[in-house]
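For reference, the chains in residue letters:
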Amino acid sequence: MFQVIGGRSVQVTRLLAPRSPVIVEAVRGRKSRTDPVAKSKEGRIKLPPPVDATEMVVLKERYTEYQMITRALRLEFKEEVLRKKYEEETGSLAEERARQEAEEHRALMAFNSQENLRILQVRMLRIQKETEDAERQQLEAVVQRQQQQQEFIKEKEKEVLKLQEDAKNFITLENLDQRIEEALDNPKNYNFAIDKEGRVVKQTTLQ
Amino acid sequence: MPMKGRFPIRRTLEYLQKGDIIFKNRVKIMTVNYNTQGELSDGARKFVFFNIPQIQYKNQWLQIMMFKNMTPSPFLKFYLDNGEQVLVDVEGKDHKEISQHVKKILGKSEEVLQAEAQAKMQASNPANFGPIKYCLRECMCEVEGQVQCPGSTPLPKEMTGKYRAQMAASQE
């Protein structure tokens, strides 16, 4: 909060004072730059605490020893941490561990490739079976198509024969007179009744 | 209602924390190629649907990419930091088998995980006092049953140095 300043406006008090005090002016915390110093603090000179020479000497010795010891301890601990870190990363144990890990990794990769090979075999078998199935299906389809064609031909042949048979009973120009005479000679009666079995039951006489 | 999606349990913290695949530090990228149709890809599809959220939750810095309908058979590919690529064929496998296999070849083993947990516990001792970022407590005044911080509640008169000095002076 207090800033040390050299060579400011308070030169008079500096001359008057026996010891060389530290002229301290407060950094404006609560007050702004234009506010004056408080009335009760107008001529205030702050003096550092008095120093005893012999005491200072003794204290200085003790302090140097103390600081040396603490600095040494601090550096020791820092060094220990660094050494641990170094050991962790590039020590003999670390190398061992790295080697072991590499070996394990290789073993696991080998296991993985074994699995891959196994699945590959299964896949090859499946593909083979699928191609065989497809071929068989194709052959069957061909055979079936041929069969269908054969049947079609047979059907057509049957129809042709039937037509030929019917052709014998056709009425042509030569038969015309003969068939007319036959029809007139044999009158046909279509009025008859049937029972459930299909036998003719009644028949009316032709009029 | 907060339920979104077909299996909203996949979004719960409990489900995510149950994931047990934690990859080694060398694995950087994971790629899954699978098909959206077909029975052979079924295991891979289930793996992507159920297990990938768990894996990503446990390996926040792992890059995971999914490719659909690019190859006839499904597979996983891992890219390690030394440039090595590990191919895992998953045709016809079940999603549980896939996750077990992956855990075996590239996951951290139980002992390693336990050792890491131990190290973490040792590094962060709950008995330490210090900044809140690193320790649980900063000052003894925060502990129950101890003297409250004189900054918030004034100390009883008998404990103040001023009173004690007065008493000592008046006695002499």
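Residues numbered from 1 in each chain as written. Chains lettered and ligands numbered in written order. Predicted model: local features only at pLDDT ≥ 70, side-chain atom pairs only at ≥ 80, totals over all residues. Heavy atoms only, no water.

**Student:** Which residues make up the overall build of chain B, and what values do they have?
**Tutor:** Check the secondary structure of chain B and you find five helices and four strands. Put simply, chain B runs from its N terminus to its C terminus through helices and strands in the order α-β-α-β-β-β-α-α-α. For chain B, buried positions account for 29% of its 172 residues. Across chain B, the fraction of contacts at a sequence separation of at least 24, relative to all contacts at a separation of at least 6, is 59%. (Helix = DSSP H or I, 4+ residues; strand = E, 2+ residues; numbered from the N terminus. Buried < 20%, exposed > 50% of the residue type's maximum accessible area, 1.4 Å probe, protein only. Contact = heavy atoms within 4.5 Å.)

**Student:** Outline the nonpolar core, supporting the account with residue identities and numerical values.
**Tutor:** Phe23(B), Met30(B), Ile55(B), Leu76(B), Phe78(B), Val86(B) and Leu106(B) are the most contacted members of the largest nonpolar core, which totals 25 residues. Going through the elements one at a time, α3 (92-167) of chain A together with β1 (27-34), α2 (42-58), β3 (75-80), β4 (85-89) and α3 (95-106) of chain B are the ones with two or more residues in this core. The greatest single-element share of this core, amounting to five residues, is contributed by α2(B). In contact with Phe23(B), other than residues within four places in its own chain, are Met30(B), Ile55(B), Asn59(B), Leu62(B), Phe78(B), Val102(B), Leu106(B), Gly107(B) and Lys108(B). (Core = buried A, V, L, I, M, F, W, Y, C linked by side-chain atoms within 4.5 Å.)

**Student:** Tell me about the confidence of the model for chain A, and please be specific about residues and values.
**Tutor:** Segments scoring low in pLDDT should not have their predicted coordinates read at a detailed level. This prediction gives chain A a mean pLDDT of 86; 86% of its residues lie at or above 70. In the model, residues 4-9 of chain A has pLDDT below 50 throughout and makes five contacts with residues more than four positions away in sequence or in other chains. (pLDDT = per-residue confidence, 0-100.)

**Student:** Outline the interface of chain A and chain B, supporting the account with residue identities and numerical values.
**Tutor:** On the chain B side, the residues contacting the twelve residues of chain A number 16 residues. Put simply, chain A and chain B have four salt bridges between them. Our count for the contact surface shared by chain A and chain B stands at eight residue pairs in polar contact (both at pLDDT 80 or more). A class-by-class count of the residues in the side of chain A that touches chain B yields four nonpolar, three polar and five charged. (Salt bridge = Lys/Arg side-chain N within 4 Å of Asp/Glu carboxyl O. Polar contact = N/O pair within 3.5 Å; in protein donor to acceptor, adjacent residues only side chain to side chain. Nonpolar A, V, L, I, M, F, W, Y, C, P; charged D, E, K, R; others polar.)

**Student:** So what's going on with the sheet that holds β3(B)? Residues and values would help.
**Tutor:** Pairing between sheet strands relies on hydrogen bonds along the backbone, with the strands arranged either parallel or antiparallel. Pairing in this open sheet of four strands is mixed, and the strands run β2-β1-β3-β4 (chain B) from one edge to the other. Of all strands in the sheet, those bounded by a partner on one side alone are β2 (63-68) and β4 of chain B. If you compare each strand with its neighbour and ignore which way they point, the axes differ by 15° on average. In the sheet, β1(B) pairs with β2(B) via six bridges, with the strands oriented parallel. Of the residues in β2(B), the one forming a bridge with Met30(B) is Ile64(B). The strands touched by α3(A) are β3 and β4 of chain B; relative to β4(B), the strand with the most contacts, the crossing angle is about 40°. Across the sheet, α3(B) touches β1, β3 and β4 of chain B, and the angle it forms with β3(B) is around 20°. (Pairing = 2+ DSSP bridges. Axes fitted to C-alpha atoms, helices over the stretch in contact; angles between N-to-C directions.)

**Student:** Can you lay out the packing of α2(B) against α3(B) for me, pointing to particular residues and giving the numbers?
**Tutor:** Residue and element names in this part refer to chain B. Where α2 meets α3, the axes come as close as 8 Å, and the angle between the chain directions of the two elements is 70°. In this view, α2 runs roughly perpendicular relative to α3, as classed from their interaxial angle. Between α2, through Gly-43, Ala-44, Lys-46, Phe-47 and Asn-51, and α3, the contact on the second element is made entirely by His-95, Ile-98 and Ser-99. (Parallel < 35°, antiparallel > 145°, perpendicular 65-115°, else oblique.)

**Student:** Run through a nonpolar patch on the surface, naming residues and quoting values.
**Tutor:** Residue and element names in this part refer to chain A. On the surface, a cluster of nonpolar side chains totalling about 550 Å² of accessible area is made up of Ile-171, Leu-173, Leu-176, Ile-180 and Leu-184. Residue placement: Ile-171 occurs in the loop between α3 and α4 (175-185). The exposed category is assigned to Ile-171, whose relative accessible area is 53%. (Patch = residues over 30% accessible without salt bridge, like charges linked within 9 Å, V, L, I, M, F, W, Y side chains within 5 Å. Areas by Shrake-Rupley, 256 points an atom, 1.4 Å probe, with all protein chains shown as cover.)

**Student:** An account of unusual backbone geometry is requested, with residue identities and associated values reported.
**Tutor:** Its identity as a non-glycine residue notwithstanding, Asn69(B) has a phi of 55°, on the positive side. As for its position among the elements, Asn69(B) is in the loop between β2 and β3.

**Student:** Before we move on, can you summarise the packing of aromatic side chains with the specific residues and values?
**Tutor:** Residue and element names in this part refer to chain B. Considering all chains together, one arrives at four aromatic pairs over all chains under this definition. With a centroid separation of 5.2 Å and an interplanar angle of 85°, the aromatic rings of Phe-7 and Phe-50 are classed as edge-to-face. Taken together, the residues span a long stretch of sequence, with Phe-7 in the segment before α1 (13-17) and Phe-50 in helix α2 at a distance of 43 residues. Relative to Phe-50, the ring of Phe-49 has its centre 5.1 Å away and its plane inclined at 85°; by these criteria the two rings are edge-to-face. Residues Phe-49 and Phe-50 agree in their burial class; the two are buried. A connected cluster of aromatic rings, assembled from ring pairs, spans Phe-7, Phe-49 and Phe-50. (Phe/Tyr/Trp six-rings, centres within 6.5 Å; stacked < 30°, edge-to-face > 60°.)

**Student:** Tell me about the pairing of β1(B), and please be specific about residues and values.
**Tutor:** The side chains of a regular strand alternate, residue by residue, between the two faces of the sheet. All names here are of chain B. For β1, the tally of buried residues reaches six of eight residues, placing the bulk of the element in the interior. In terms of strand pairing, β1 meets β3 through six bridges, oriented antiparallel. Looking at β3, one finds that Thr-31 is bridged to Lys-77. With α2 bridging β1 and the parallel β2, this β-α-β connection has right-handed handedness. (Right-handed = clockwise from strand over helix to strand, strands pointing away.)

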